Amino acid sequence: GLARALMVNRTIECVKLQGNRIKDKGMMEFAWMLRGNSRLTKIDLGKNFIQDSGGNSLAYALRCNHVIEELTLRENAIGSESLGSIGKSLQNQQYLTHLDLAGIGIEPFVASVFRDFIKTSPSLRFLDLSSNNLQDDCTIIIAVGLML
């Protein structure tokens, strides 16, 4: 499928899969490809019904792949624990400039993991947290990360 094709392709740098309902199974296949693809730098996985197992697969792939510049996860149903794993994996990303987490349901635990990522990521230039219904505790946690 698509993941296998992207694994062997050496020219594609940007993949936009928003709204394709790839779900966890598709995310697991995509993550498998991402682990070994050093050319793909911009990834849009928004609105794909990705949940915990897909989120965990992505977290593992991000620990292996260090070239991601843009990552969009907006409006997926990834749980707090998996989002935390993704946030921790992003700490290995030296080139990430764009992170879209709109509408993913950020809770205090997730906010603290992403705070730590933000604090150690000087390349980050775009952060979308819209439609998360952030409570005061989450905004304070994230604000600490933004104060470089």
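Everything discussed here concerns the structure shown above.
Not measured: the values here are computed from a predicted model. Each chain has its residues counted from 1, running along the sequence as written. Totals for whole chains, interfaces and linings use all residues, but because this is a predicted model, local features are given only for residues with pLDDT of at least 70 and pairs of side-chain atoms are given and counted only at 80 or more. Processing note: side-chain calculations cover all non-hydrogen atoms of the structure and skip hydrogens and water entirely.

(A) Fine view of the overall build of the protein. A count of helical and extended segments in the protein gives six helices and five strands. The globule rule is 2.2 Å times the number of residues to the power 0.38, and the radius of gyration it is compared with is taken over C-alpha atoms. For the protein, whose C-alpha radius of gyration is 14 Å, the value lies close to the compact-globule estimate of 15 Å for 148 residues. C-alpha extents for the protein along the principal axes are approximately 45 × 30 × 20 Å. Relative accessibility thresholds used throughout: buried, under 20% of the residue-type maximum; exposed, over 50%; partly exposed, between the two (1.4 Å probe, protein chains only). Of all 148 residues assigned to the protein, the portion counted as buried reaches 46%. Contacts are assigned to residue pairs with any non-hydrogen atoms lying within 4.5 Å of each other. Counting only contacts in the protein whose residues sit at least 6 apart along the sequence, the fraction spanning at least 24 positions is 86%. Put simply, the protein shows about 7,500 Å² of open surface, and 52% of that area lies on carbon and sulfur atoms. Computed over 16 positive and 15 negative side-chain charges, the inter-centroid distance for the protein is 8 Å. In DSSP terms, a helix is any run of H or I states spanning at least four residues, a strand is any run of E spanning at least two, and both are numbered starting from the N terminus. In these tables, accessible area is a Shrake-Rupley quantity obtained with a 1.4 Å probe, and a residue counts as shielded only by the protein chains included in the view. Under the counting rule used here, the positive set is Lys and Arg, the negative set is Asp and Glu, and His together with the chain ends is not counted. Taken as the charge location is NZ of Lys, CZ of Arg, CG of Asp or CD of Glu.

(B) Examining the packing of helix α3 (residues 52-64) against helix α4 (residues 80-90) more closely. A fitted line through C-alpha atoms represents every axis, and for helices the fit uses only the stretch in contact; the resulting angles, taken between N-to-C directions, go from 0 to 180 degrees. Close contact between α3 and α4 brings their axes to 8 Å; oriented N to C, the two are set at 10°. Classed by the angle they form, the pair α3 and α4 counts as roughly parallel. Mapping the contact onto sequence places Asp-52, Gly-55, Asn-56, Leu-58, Ala-59, Leu-62 and Arg-63 in α3 and Ser-82, Ser-85, Ile-86, Ser-89 and Leu-90 in α4. Gly falls in the polar group here, along with every residue not listed as nonpolar (Ala, Val, Leu, Ile, Met, Phe, Trp, Tyr, Cys, Pro) or charged (Asp, Glu, Lys, Arg). The residue inventory of the contact of α3 with α4, partitioned by class, reads five nonpolar, five polar and two charged. What sets the label is the angle itself: under 35 degrees gives roughly parallel, over 145 gives roughly antiparallel, 65 to 115 gives roughly perpendicular, and the rest give oblique.

(C) Molecular detail of the environment of Asp-52. With respect to the helices and strands, the residue Asp-52 is situated in helix α3. When the C-alpha positions of Asp-52 and Ile-78 are compared, they lie 5.0 Å apart, and in sequence the two are 26 residues distant. Under this definition, polar contacts are N or O atom pairs within 3.5 Å; protein pairs additionally need one hydrogen-donor-capable and one acceptor-capable atom, and for neighbouring residues in sequence, both atoms have to be side-chain atoms. A distance of 2.6 Å separates the side chain of Asp-52 from the backbone nitrogen of Gly-79, its partner in a polar contact.

(D) Layout of the sheet that holds strand β4 (residues 98-100). Across the sheet, which stays open at both edges, the five strands sit in the order β1-β2-β3-β4-β5 with parallel pairing between neighbours. The open sheet has two free edges, formed respectively by β1 (14-16) and β5 (126-128), since each of these has just one partner strand. Taken pair by pair, the neighbouring strands of this sheet meet at an average axis angle of 5°, ignoring direction. In this sheet, β5 lies alongside β4 in parallel orientation, the contact comprising three bridges. In the sheet register, Leu-99 faces β5, and the bridge partner there is Leu-127. The pairing criterion is simple: DSSP has to find at least two bridges between the two strands.

(E) Local environment of the pattern of salt bridges. By definition here, a salt bridge exists when the distance from a side-chain nitrogen of Lys or Arg to a carboxyl oxygen of Asp or Glu is within 4 Å. A full pass over the atoms with the stated rule returns seven salt bridges. With a shortest N-O distance of 2.8 Å, Asp-100 and Arg-74 are connected by a salt bridge. With a gap of 26 residues between them, Asp-100 in strand β4 and Arg-74 in the loop between β3 (70-72) and α4 connect regions that are remote in the sequence. No difference in accessibility class separates Asp-100 from Arg-74, as the two residues are buried. Through salt bridges with shared partners, a single network forms among Arg-74, Glu-75, Asp-100 and Asp-128.

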